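Chain by chain, the residues run as shown.
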Amino acid sequence: AGVVAEEKAENINQQRPTIRALGKLPLQGLIRRIFEDLSLGQYQLGAVAAAFGLSKATLSRFAGARWAQRTENDGAVVIPDLWRNTAAILAGHPDFAEAARSAGVWPRVESVIARHTGGKRP
């Protein structure tokens, strides 16, 4: 969570306008909160959105929990920004990649990366 939060804050200018408007430190806090809530099995989009002054729609585009159900007109799954970025970070660091493999989530990481790299797997 810390690595992802720092990377997102460092690249805040690449974020969507409403997320960018939070500022670096609040963005890091948001990301840490999301990962903490997920680890506890209590991620509630509405509660997190309210805590950070975001709409549920904005947070859904950034870190939606039901993203596998959202598709584009062409049927492609819409992957929220935070999950795309997290997959890229996992794939780019050998220790994180090994942890993802051990946790059994590596196939999902590969799938997310492949969708955004023209089918090229990490």
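Residues numbered from 1 in each chain as written. Predicted model: local features only at pLDDT ≥ 70, side-chain atom pairs only at ≥ 80, totals over all residues. Heavy atoms only, no water.

**Q** Looking at this model, I keep getting lost on the overall build of the protein chain. Mind explaining?
**A** Tallying secondary structure elements over the protein chain gives eight helices and zero strands in all. Beginning at the N terminus, the succession of helices and strands in the protein chain can be written as α-α-α-α-α-α-α-α. Taking all 122 residues of the protein chain together, the buried fraction comes to 35%. Of the contacts formed within the protein chain by residues at least 6 apart in sequence, a portion of 40% connects residues at least 24 apart. (Helix = DSSP H or I, 4+ residues; strand = E, 2+ residues; numbered from the N terminus. Buried < 20%, exposed > 50% of the residue type's maximum accessible area, 1.4 Å probe, protein only. Contact = heavy atoms within 4.5 Å.)

**Q** Just checking my understanding: could you explain the side chain of Thr58 for this structure?
**A** Here Thr58 lies in helix α5 (residues 56–63). Looking at Thr58, its side chain comes within polar contact range of the side chain of Ser55, at 3.0 Å. Beyond its immediate sequence surroundings of up to four residues, Thr58 is in contact with Thr18 and Ile19. (Polar contact = N/O pair within 3.5 Å; in protein donor to acceptor, adjacent residues only side chain to side chain.)

**Q** Which parts of the structure should I look at to understand the packing of helix α6 (residues 81–92) against helix α7 (residues 94–103)?
**A** Each packed pair of helices is defined by two parameters, the angle between the axes and the distance between the axes. In contact at an axis separation of 5 Å, α6 and α7 are set at 110° when each is read in the N-to-C sense. Considering their axes alone, α6 and α7 lie roughly perpendicular with respect to each other. Listed contacts from α7 to Ile89, Leu90 and Gly92 of α6 are Pro94, Phe96, Ala97 and Ala100. A breakdown of the residues in the contact of α6 with α7 according to their chemical character gives six nonpolar, one polar and no charged. (Axes fitted to C-alpha atoms, helices over the stretch in contact; angles between N-to-C directions. Parallel < 35°, antiparallel > 145°, perpendicular 65-115°, else oblique. Nonpolar A, V, L, I, M, F, W, Y, C, P; charged D, E, K, R; others polar.)

**Q** Honestly, the pattern of salt bridges in this entry has me stumped. Any pointers?
**A** If the charged atoms of two oppositely charged side chains come close together, the side chains can form a pair. Under the criterion given, the structure shown has three salt bridges. Asp81 is the salt-bridge partner of Arg84, the closest N and O atoms lying 2.9 Å from each other. Of this pair, Arg84 and Asp81 both sit in helix α6, three residues apart, which is roughly one turn of that helix. (Salt bridge = Lys/Arg side-chain N within 4 Å of Asp/Glu carboxyl O.)

**Q** Help me understand the packing of aromatic side chains, please; the structure alone is not making it clear to me.
**A** The geometry of an aromatic ring pair is captured by two quantities: the separation of the ring centres and the angle between the planes. Following the criterion strictly, the structure yields one aromatic pair and no others. On the numbers, 5.9 Å between centres and 85° between planes, the contact of Phe35 with Trp83 is edge-to-face. Linking Phe35 in helix α3 (residues 24–39) with Trp83 in helix α6, this pair joins segments that are 48 residues apart in sequence. Of the residues examined, Trp83 reaches a relative accessible area of 13% and is grouped as buried. Above the ring of Trp106, the side-chain terminus of Arg101 is found at 4.3 Å from the ring centroid. (Phe/Tyr/Trp six-rings, centres within 6.5 Å; stacked < 30°, edge-to-face > 60°. Lys NZ or Arg CZ within 6 Å of the ring centre and 35° of its normal.)

**Q** I keep staring at the side chain of Asn85 and nothing clicks. Help me out?
**A** Within the secondary structure, Asn85 is located in helix α6. Residue class for Asn85 comes out buried when judged on its relative accessible area of 14%. Polar side-chain contacts of Asn85 include one of 3.0 Å to the side chain of Glu7. Sequence-distant contacts of Asn85, defined by excluding residues within four places in its chain, comprise Val4, Glu7 and Lys8.

**Q** Help me out: how do you make sense of the nonpolar core in this one?
**A** One recurring pattern in soluble globular proteins: nonpolar side chains tend to sit buried together. Of all hydrophobic cores here, the largest spans 28 residues; its most connected members are Leu30, Ile34, Leu59, Phe62, Ala63 and Leu82. Mapped by element, the contributors of at least two residues to this core are α1 (2–10), α3, α4 (45–51), α5, α6, α7 and α8 (106–115). Not counting residues within four places of it along the chain, the set of residues in contact with Ala63 comprises Ile34, Tyr43, Leu45, Pro80, Leu82 and Trp83. (Core = buried A, V, L, I, M, F, W, Y, C linked by side-chain atoms within 4.5 Å.)

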